[in-house]
Amino acid sequence: QSPPEQPGDKPTDPGEVQRKEVCRWPCRCPLVPACTPGVSLVKDGCGCCKVCAKQAGEPCNEADVCDPHKGLYCDYSGDEPRYETGVCAYLVAVGCELNGVYYANGQTFQPNQLYKCLCVSGTIGCTPVFTPRLAGSPCARVPGRKKSGQSICGLGQHKQLQSTNYRLMSAYRSLPLVLKKKCLIQATPWTPCSRTCGIGISSRVTNDNRKCEMKKEKRLCLIQPCLTNMLKKIKIPKGKTCQSTFQPPTAEKLVFSGCSTTQRYKLTFCGVCLDKRCCIPNKSRMITVQFECPNEGFFKWKMMWITSCVCQRICSAPGDMFSQLKLL
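These figures come from a predicted structure and were not determined experimentally. (Residues numbered from 1 in each chain as written. Predicted model: local features only at pLDDT ≥ 70, side-chain atom pairs only at ≥ 80, totals over all residues. Heavy atoms only, no water.)

Peer 1: I'd love a proper account of the sheet that holds strand E3 (residues 59–60), names of residues and values included.
Peer 2: To summarise the sheet geometry, strands pair through backbone hydrogen bonds and adopt either a parallel or an antiparallel arrangement. As summarised here, the arrangement of the 3 strands in space is E3-E5-E4, forming an open sheet in which the pairing is antiparallel. Edge strands, defined here as strands with exactly one partner in the open sheet, are E3 and strand E4 (72–75). Note that E4 and strand E5 (residues 86–90) share 4 bridges and pair antiparallel. Note on E5: the bridge partner recorded for Cys74 is Cys88. (Pairing = 2+ DSSP bridges. Helix = DSSP H or I, 4+ residues; strand = E, 2+ residues; numbered from the N terminus.)

See below:
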C-alpha cells in the first residue's frame, strides 16, 4: 500500500517523462577553452560559462549549444519523448554562389589551397588552412651526416612537426596600422571592382569611423568605359605592347542607376594590351561624387579616382575573393 499523500506533494503523472537537469547554479566554470579555427567560442545554454560551440552532426543538449554563427540548431526530434539530447543540424536557408559555382547552405568547400570555406545562409566564411613549415626545424640538414638538404627525421617525426610547427595566415592583409583618437585603425584591402567596364562597386571592412567599429565600406569604381570605339582609338607606343592608362578627350558626367553626376569629370582609365596582359589600378585616391536623380533628389557616393595602372599577366575575374592570395 502506498503511503498517504502529504499536503503540498505534487502528484506524478504516469505519462510524464523526467528530463535530466544539465545546468547547475551557482555557475562553476573551468578555464576558457581554446577553440579550433572556425569554431565559435560562445556562452553555454545555462548562461554560465564560455564553451566551444558544437558543430554539425555533434550531440547537443540544453547546455551544449550548437554554433549559432553557422546557422546550426539542436534537433531533438530523434529523442522522443524526452527531447533531452539532440544533434546539431543546419537551418533550412539559401545557399551561396562564388565564381559561378553554387554551394548549398551548410556545405564546406575549398576554392583555394590556402582557405577552407563554409556557406551559411547566403554568406561565405573562410578560415586559413594550416601550412606545414619544416624549414629551420630539427630535421633539416646536419652537415657531414647525409647529403646536403636531406632530412634526418623519420616519418613519425615529420608528422609531429607538421601538426605542431605551422604558420597561421590571416584571412585579410591589413593596411599599416594608424592610431587615431584612441582607435587603432584597421582595414582590409579593397576588393577588385565588380565590373571590368562601366561603373562597378568595390568594398572593404574597416573601423575608421566615430565608434571605431568594424563596418563594411563601399565605393564606386570605373576601370574602363564600355565603349569599344574609345578603346580602339588608344595609341600604344611604338615598340611596346601595352598602354597602361588613357583619358577621354573631354570631361563627361557619370551615370549610375539612372542618375547622373552634378559635375563633369575627366577620369583616368586603365589601358589595354596587344598581348594577353590586363591593366589594373596601381595607385588611386578617394573622392566624393554627387548624383542627381530626376524628381528624386540627390545622393553622394565615395569613388576611386585612378592615378596610375599596371599591366600584368595575372588576370582574374571580377569578384574573385582569392585572386590576391599568395603562399607566404
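Picking up after the structure, the text goes on.
Peer 1: Talk me through the sheet that holds strand E8 (residues 108–112); I want residue IDs and the actual numbers.
Peer 2: The strand order across the open sheet built from 3 strands is E8-E9-E10, with neighbouring strands paired in antiparallel fashion. Lying at the two open borders of the sheet, with one neighbouring strand each, are E8 and strand E10 (123–128). Here the average twist between neighbouring strands, direction ignored, is 35°. As paired strands, strand E9 (residues 115–120) and E10 are joined by 6 bridges and run antiparallel to one another. Its bridge partner being in E10, Leu118 is matched across the sheet by Gly125. (Axes fitted to C-alpha atoms, helices over the stretch in contact; angles between N-to-C directions.)

Peer 1: Explain the side chain of Gln224 to me, and be specific about the residues and the numbers.
Peer 2: With respect to the helices, strands and loops of the structure, Gln224 is situated in the loop between strand E16 (215–222) and helix H2 (228–232). For Gln224, a relative accessible area of 14% gives the class buried. There is a polar contact of 2.7 Å between the side chain of Gln224 and the backbone oxygen of Gly271. Once you skip the residues sitting within four places of it in the chain, Gln224 turns out to touch Thr196, Cys197, Gly198, Leu231, Phe269, Cys270, Gly271 and Val272. (Buried < 20%, exposed > 50% of the residue type's maximum accessible area, 1.4 Å probe, protein only. Polar contact = N/O pair within 3.5 Å; in protein donor to acceptor, adjacent residues only side chain to side chain. Contact = heavy atoms within 4.5 Å.)

Peer 1: Describe the environment of Thr127, naming the residues involved and giving the relevant values.
Peer 2: The topology assignment puts Thr127 in strand E10. Considering only alpha carbons, one finds Thr127 and Pro37, 90 residues apart in sequence, at a separation of 6.6 Å. Discounting chain neighbours no more than four positions away, the residues touching Thr127 are Pro37, Gly38, Leu114, Tyr115 and Lys116.

Peer 1: Could you give an account of unusual backbone geometry, naming the residues involved and the relevant values?
Peer 2: Most peptide bonds adopt trans geometry, and most residues besides glycine take a negative phi value. The linkage connecting Trp25 with the following residue, Pro26, adopts the cis geometry, with an omega of 0°. For the bond running from Glu80 to Pro81, omega is 5°, close enough to zero to count as cis. Summarising the element assignment, Pro81 is placed in the loop between E4 and E5. For Cys212, which is not a glycine, the phi torsion comes out positive at approximately 55°. Structurally, Cys212 can be placed in the loop between strand E15 (199–206) and E16. Despite not being glycine, Ser257 shows a phi value in the positive range, around 55°. Considering the arrangement of structural elements, one finds Ser257 in the loop between strand E18 (255–256) and strand E19 (259–261). Look at Ser257 and you get exposed, because its relative accessible area is 63%.

Peer 1: Give me the lowdown on the nonpolar core, citing residues and values where you can.
Peer 2: Leu222, Leu254, Tyr265, Leu267, Phe291 and Met303 are the most contacted members of the largest nonpolar core, which has 19 residues in total. Of all the secondary structure elements, the ones that give two or more residues to this core are E16, H2, strand E21 (278–293) and strand E22 (297–312). Top element by residues in this core is E21. It accounts for 4 residues. Once residues within four sequence positions are removed from consideration, Tyr265 is found in contact with Ala251, Glu252, Leu254, Ile287, Thr288, Val289 and Trp305. By size, the runner-up hydrophobic cluster in this structure holds 11 residues, among which are Cys270, Cys273, Cys279 and Met304. (Core = buried A, V, L, I, M, F, W, Y, C linked by side-chain atoms within 4.5 Å.)

Peer 1: Got a sec to walk through the state of the cysteines? Specific residues and values, please.
Peer 2: Within this structure, the stated rule accounts for 12 disulfides. The partner cysteine of Cys27 in its disulfide is Cys48, sulfur to sulfur 1.9 Å. In this structure, the disulfide formed by Cys27 and Cys48 twists by about -60° around the S-S bond and is classed as left-handed. Note that Cys27 is positioned in the segment before strand E1 (41–43) and Cys48 in the loop between E1 and strand E2 (50–52), a separation of 21 residues in sequence. (Disulfide = S-S within 2.5 Å.)

Peer 1: How would you sum up the packing of aromatic side chains? Please name residues and give values.
Peer 2: Taken as a whole, this structure holds 6 aromatic pairs when the rule is applied. Measuring from ring centre to ring centre gives 3.6 Å for Tyr103 and Phe109, while their planes differ by 10°; the resulting arrangement is stacked. Feature note: the residues Phe256, Phe291, Phe299 and Trp301 constitute an aromatic cluster, connected by ring pairs. Of note, Arg219 hangs over the ring of Trp190, and the distance from its end group to the ring centre comes to 4.1 Å. (Phe/Tyr/Trp six-rings, centres within 6.5 Å; stacked < 30°, edge-to-face > 60°. Lys NZ or Arg CZ within 6 Å of the ring centre and 35° of its normal.)

Peer 1: Describe the environment of Tyr115, with residues and values.
Peer 2: Within the secondary structure, Tyr115 sits in strand E9. Considering only alpha carbons, one finds Tyr115 and Gly125, 10 residues apart in sequence, at a separation of 9.8 Å.

Peer 1: So, the side chain of Thr188: which residues are in play, and what are the values?
Peer 2: For Thr188, the position within the fold is in the loop between strand E14 (183–185) and E15. Within the structure, Thr188 has its side chain in polar contact with the backbone nitrogen of Val205 (distance 2.9 Å).

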